[in-house]
Structure formats: structure tokens, C-alpha cells
Amino acid sequence: QKLDEFQKNFLWGAASAAYQIEGAYQEDGKGLSIWDEYAHQPGNTFKGTTGDVAIDHYHRVEEDVALMAKMGLKAYRFSVAWSRVIPDGEGDVNEAGLAFYRKLITLLKQNQIEPVLTIYHWDLPLALQKKYNGWGSREIIPAFEKYCRTLFSAFKDDVKYWVTFNEQNVFTSMGYRWAQHPPKVTDIKRMYAANHIINLANATAINLFHELVPNGQIGPSFGYGPVYPLTGDPNDVLAAVNANDFNNNWWLDVYCRGEYPYFMLKQLQKAGIAPEITADDQVLLKSAKPDFLGINYYHGGTVQTNRLQKPVKEAEQKDFSATDPYLMQPKADQAQSPEVPMFNSVSNPYLDKTAWGWEIDPVGFRVALRQVYEKYRLPLFVTENGLGAVDELVDGKVDDQYRIDYLAQHVKTMKEAITDGVEMIGYCAWSFSDILSWLNGYKKRYGFVYVNRDDDSQKDLKRIPKASYYWYQQLIAQNGAQITA
Ligand code: GCO
């Protein structure tokens, strides 16, 4: 194995999440999730789109896996809807729900596609939100443990790679800081409290997994972005150090080292918003070691000090309503938050942006992989990377050259990171097919496969491979030897 090539069993994959694709939201005994409720409340999502039908993957799973097989995918990352398997989150197991995932996994394996199973991708059973205040109470942990035990027992022989939580940083910030996801609150103290409880749940799941599935591998997937200081002004550099604690270390240090970053914890304690951490919690967090780290990479962030009252350059405003959850947080307008954030988030003058206004930063991908591997020395699995865009179907085709360009640049810098020495299990592009964007409906698409529907009409839900589908097929066929756009 030479360092400048992808290993033979490198997992070229694509990813999805249950709520964004399955539909069938009340079928075969499925319970409701917090997203089923939230999306049905007026004003919460773009044009009021819901996951009731989504792209109807639940009924089209054979067709979808056939498209994956034809593409040559080596891995497919999907998530399980907790409320499909345990409708009220903690009571009886719904065998029909489990059967759906068993069918999916069987189909994948028949086609030599490695299943990568995400346990939690944001769709908490509604009953648990109502009964325990969701992730706001420690009482939810035994329910999560039972759910994990159910999945581990059912699929331990067929699924090797498992992801505990998808982007804990994003769903807790969106849910508790920005009120853009359920439970739709803006309460930073509650955000930190919920994060701590999720960390305990994560550690509990990892320990249980190691007991029950000794041959498998498990880890969380984290939305990582490297942080750049806008200038060489030491005040900006200090701002970047702070922003890195706020946006990355706060989560990764706990996952990988079992402890919170020292300075930031002190700061939160001074401000009276730190989570309550018991001695038992510390023992639990220290005891659970992930086998790999899942990295979702879209872009990094650039910050400047807010000490000097310099004007803040706002990110270019586009005609899209949803915020970018990967921007460095807290944002400029939160500068007065009790965390005393010592930085402002700004646009990076060296980087181009996608039509959606997100920075394009392939070098940052190499930086990210290097930083994380250097610090934690765990194998990395890129569980998401991709481009969200308004794709147009013209004469029955989608020519998404912009997506090919984006992916090619990122695969190239990932390969450079491997040459640098980063240990990498695989790469899952986001996403396999078009899916429901949590907040942007079908206006924002990520897939290799176009799905013929929009926000107002389900149309025929036909699957149409885009230009990028054939590009990725070629890339996989020659195991990334030549990366051309
Ligand atoms: C969207 C988002 C998602 C996320 C994904 C994170 O537009 O809804 O970009 O697709 O990227 O769910 O894991």
C-alpha cells in the first residue's frame, strides 16, 4: 500500500438520513418524531415541506439500492428512524420497523455495499420529547440505551460500521440556540445541558456496543470546520483559538478524550451556563473510546476579534432564508451572549462561494483531516461532504458540472491528506439521491440522483441519475487513481 493511493478496500460511499428520504411517516406502526410534529407546524420549514412522503424511499428501496449497485458504491450510510423501531421511544419494539431496515441491509449486502448505520440523525421520538423534555433530561438515557441494544442485537452480524450521533454540534445549536430545529428554543444554558446529556448517551452507546459487537466499529459523526484568523493580528489569532474551542473542541475533546476543553469550561462556569458534570459522568466519559471519528465537512470558518470594535463584514446575503449551520458560532449578533464569545464570524476574502453562499474550501478539507488526525489519532471516516444547489432538469437531464468540480477538488485534497499520512476508512458523499432538506425543501439538492418532485407537488418521484452520478461511478471504478472534473 503506497501512501499516495487509496487503499484497495477504501469505502467510496454516499449518505442519507431517514427523515429526509423515507416518507411513510405513519406506516407499519411507526410513531411520530419531533420532526413530524415540527414540520407540520406552519412557518417552520421552507414552503411548509414535511417528510410525510419525502422521496418515498420506504416504498422504493429496491429501486434505490439497484441504482447504488449500478453506480458501484462500496458503502451506503443511512440512518434508522428511532420511532419506526420503537414507536414511543422506550416501549415495545415494532418488528415491522426493524424488518424494513433488515430488508435494506440485506439488499445492500447482496450487492456488496457496506452498510454504515447512523443510530441518531435528529428524528427523536415525539413521545420522548413530551415525556422527558427530550435531550433536556437524563431520564432519556435508558431509552436511548434500549434503542441501541435493539439495533445492536438485530444487526450486529451484518453491519460493521456504526455512527452514534450525527452532527451533535449542528442539531443542538439549531434546536437550542437558534430555534431553527425542534425544540425551537434560544436558551444557551439548556443547549449546554442537552449536549452534556447527549455526550453521556453517546458514551453509554459506545460502551454497550463494545460489549455486544466486539468486531464492529463505532463513532460519532461531527460537523467539523477548521478555523482561520482573518489577519495575523494576534487579537484575531486569539479569536480563532476561542472559536476553535467553541466550534470543535467542545465536542471532539469529549468524544475522544472524555473531557471538556479547559478554558472554555472555565468560561462557561464563570458565566453560570456550564452543564452539571458529576464524578460519575467523568468516569463514564473517560471510559468510552470511539473506534473511528466520522467527519462531515462542508467548509471552515474565519473569525476576527470583537475587542476592537472593527466593523464586521457580514457574509454575503442571498435570497435564501435558512441559516448556514456550519458558520462559526456564536455569530456576530450574539456577541453579547453570556458565553462572552471573543470572536466574530466573517467571510473569508480568499474563498469563492457556491451559488447558495457557502464557502468552497477544498484545502480546508485537508487542513481539517490533518488537524483532527493529529490531535486524536483515530481513523477517520468522511461521513458527509457535498454541494447543495438548485439543480435544473433540462430535457430529462441534469448537468451538474458545478457539483463534479466541487467533489473532484475535495477528493483530491482528501487524497493529499492520505498522502500526508491520515488514516482513512472511506468517504461518503452527501447525498446519494436528492432528499428533503430540513429547512430548504427540495429547492436545495445534494444528490447524485435527481428525484422528480418539488415542494408543491410530488410529481412522479422518478429517479434520474445526474452527470455527477456517472462521474462518481468512474471515480469508484478506478479507485480514485485519476481525479479529473
Ligand atoms: C439540509 C442539510 C442537510 C444536512 C445533513 C446533515 O439542507 O437539510 O444540508 O442535508 O447536511 O442532514 O447531516
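What you see is a predicted model; the values in this text were computed from it and never measured.

Caption draft 1: Structural context of the overall build of the chain. Secondary structure summary: the chain contains 15 helices and 13 strands in total. Relative to the compact-globule value of 23 Å for 485 residues, the chain shows a C-alpha radius of gyration of 21 Å, a close match. Judged by the C-alpha coordinates and their principal axes, the chain covers about 55 × 50 × 50 Å. Within the chain, buried positions represent 51% of all 485 residues. The contacts in the chain between residues at least 6 apart in sequence include a share of 78% that link residues at least 24 apart.

Caption draft 2: Representation of the sheet that holds strand E9 (residues 344-346) within the structure. On the basis of which strands lie adjacent, the open sheet formed by three strands has the order E6-E8-E9 and mixed pairing. Pairing within the sheet leaves two strands with one partner each, and these edge strands are strand E6 (227-229) and E9. Pairs of neighbouring strands in the sheet enclose a mean axial angle of 45°, with direction left out of account. Taken together, the three bridges between E6 and strand E8 (residues 301-304) define a ladder with parallel strand orientation. Of the residues in E8, the one forming a bridge with tyrosine 228 is threonine 302. Against the sheet, helix H10 (residues 234-257) engages E6 and E8, with an angle of about 165° to E6.

Caption draft 3: Examining the environment of alanine 179 more closely. Here alanine 179 lies in the loop between helix H8 (168-177) and helix H9 (188-212). C-alpha of alanine 179 to C-alpha of proline 125: the two residues are 54 residues apart in sequence and 19 Å apart in space. When near neighbours in sequence (up to four residues on either side) are disregarded, alanine 179 contacts Lys184, Val185 and Thr186.

Caption draft 4: Quick peek at the confidence of the model for the chain. On average, residues of the chain carry a pLDDT of 93, and 93% of them reach 70 or more. Our summary of model confidence lists the complex with pTM equal to 0.95 and ipTM equal to 0.94.

Caption draft 5: Representation of the nonpolar core within the structure. With 139 residues, the main nonpolar core has Tyr76, Ile295, Leu369 and Leu380 as its most contacted residues. When residues of this core are assigned to their parent elements, the largest contribution, twelve residues, is made by H9. Setting aside residues up to four positions removed in sequence, isoleucine 295 forms contacts with Phe222, Tyr224, Ala368, Leu369, Val372, Leu380, Val382 and Thr383.

Caption draft 6: Quick look at unusual backbone geometry. The step from proline 182 to proline 183 runs through a cis peptide bond, and the omega angle for that step is 5°. Within the secondary structure, proline 183 is located in the loop between H8 and H9. The peptide bond linking tryptophan 430 to serine 431 adopts the cis configuration, its omega dihedral lying at 5°. Looking at the secondary structure, you find serine 431 in the loop between strand E11 (424-430) and strand E12 (449-451). Positive phi, close to 60°, is recorded for aspartate 56, a residue that is not glycine. Relative to the helices and strands, aspartate 56 is located in the loop between helix H2 (34-40) and helix H3 (61-71).

Caption draft 7: Main features of the sheet that holds strand E2 (residues 75-79). The strand order E1-E2-E3-E4-E5-E7-E10-E11 describes a closed barrel built from eight strands, whose pairing is parallel. Taken over all neighbouring pairs, the strand axes of this sheet differ in orientation by 30° on average, direction set aside. Pairing of strand E3 (residues 114-120) with strand E4 (residues 161-166), which is carried by four bridges, proceeds in the parallel orientation. Across the sheet, valine 116 pairs through a bridge with tyrosine 161, a residue of E4. Sheet contacts for helix H13 (residues 362-376): strand E7 (293-296) and strand E10 (380-384); angle to E7, the most-contacted strand, approximately 160°.

Caption draft 8: Representation of the pairing of E3 within the structure. Buried residues dominate E3, accounting for six of its seven residues. Taken together, the five bridges between E2 and E3 define a ladder with parallel strand orientation. Bridging from a neighbouring strand, phenylalanine 78 pairs with leucine 117 of E3.

Caption draft 9: Seen up close, the packing of helix H14 (residues 401-420) against helix H15 (residues 467-477). Viewed as axis vectors pointing N to C, H14 and H15 meet at an angle of 30°, and their least axial separation amounts to 8 Å. Taken together, the axes of H14 and H15 lie roughly parallel to each other. Handedness of the H14/H15 crossing: right-handed. Note on element contacts: H15 touches H14 through Ala467, Ser468, Trp471 and Leu475, opposite Gln401, Arg403, Ile404, Leu407 and Val411. Grouping the amino acids of the contact of H14 with H15 by side-chain chemistry returns six nonpolar, two polar and one charged.

Caption draft 10: Focus on the UniProt feature "active site" (unreviewed entry) in the chain. Summarizing the sequence annotation, UniProt attributes the feature "active site" (unreviewed entry) to Glu384 in the numbering used throughout. Position of glutamate 384 relative to the elements: it lies in strand E10. Classification of glutamate 384 as buried rests on a count of 23 C-beta atoms within 10 Å. Once residues lying within four places of it in the same chain are set aside, the contact partners of glutamate 384 are Ala15, Asn296, Cys428 and Trp430.

Caption draft 11: Geometry of the packing of H13 against H14. Where H13 contacts H14, the two axes come as close as 8 Å, and the packing angle between them is 30°. Classified by the angle between their axes, H13 and H14 sit roughly parallel to one another. Helix-helix and strand crossings are classified by hand; for H13 and H14 the assignment is right-handed. For the pair formed by H13 and H14, the contact residues are Pro362, Val363, Phe365, Arg366, Leu369 and Arg370 on the first element and Gln409, His410, Lys412, Thr413, Met414, Glu416, Ala417 and Asp420 on the second. Counted by class, the contact of H13 with H14 contains six nonpolar, three polar and five charged residues.

Caption draft 12: Summary view of the environment of glycine 97. Topologically, glycine 97 is positioned in helix H5 (residues 95-110). For glycine 97, a count of 23 C-beta atoms within 10 Å corresponds to the buried category. Taking the C-alpha atoms as reference, glycine 97 lies 7.2 Å from glycine 29; in sequence the two are 68 residues apart. Those residues in contact with glycine 97 that lie beyond four places of it in its chain are Asp28, Gly29, Lys30, Arg84 and Val85.

Cut-offs used in this document
- Residues numbered from 1 in each chain as written.
- Predicted model: local features only at pLDDT ≥ 70, side-chain atom pairs only at ≥ 80, totals over all residues.
- Helix = DSSP H or I, 4+ residues; strand = E, 2+ residues; numbered from the N terminus.
- Rg over C-alpha atoms; globule rule 2.2 N^0.38 Å.
- Buried ≥ 20, exposed ≤ 12 C-beta atoms within 10 Å, placed from the backbone.
- Contact = placed C-beta atoms within 7 Å.
- Pairing = 2+ DSSP bridges.
- Axes fitted to C-alpha atoms, helices over the stretch in contact; angles between N-to-C directions.
- pLDDT = per-residue confidence, 0-100.
- Core = buried A, V, L, I, M, F, W, Y, C linked by C-beta atoms within 7 Å.
- Parallel < 35°, antiparallel > 145°, perpendicular 65-115°, else oblique.
- Left-handed = near helix turned anticlockwise from the far one by under 90°.
- Nonpolar A, V, L, I, M, F, W, Y, C, P; charged D, E, K, R; others polar.
- UniProt positions renumbered as here; feature names shortened; annotations may be inferred.

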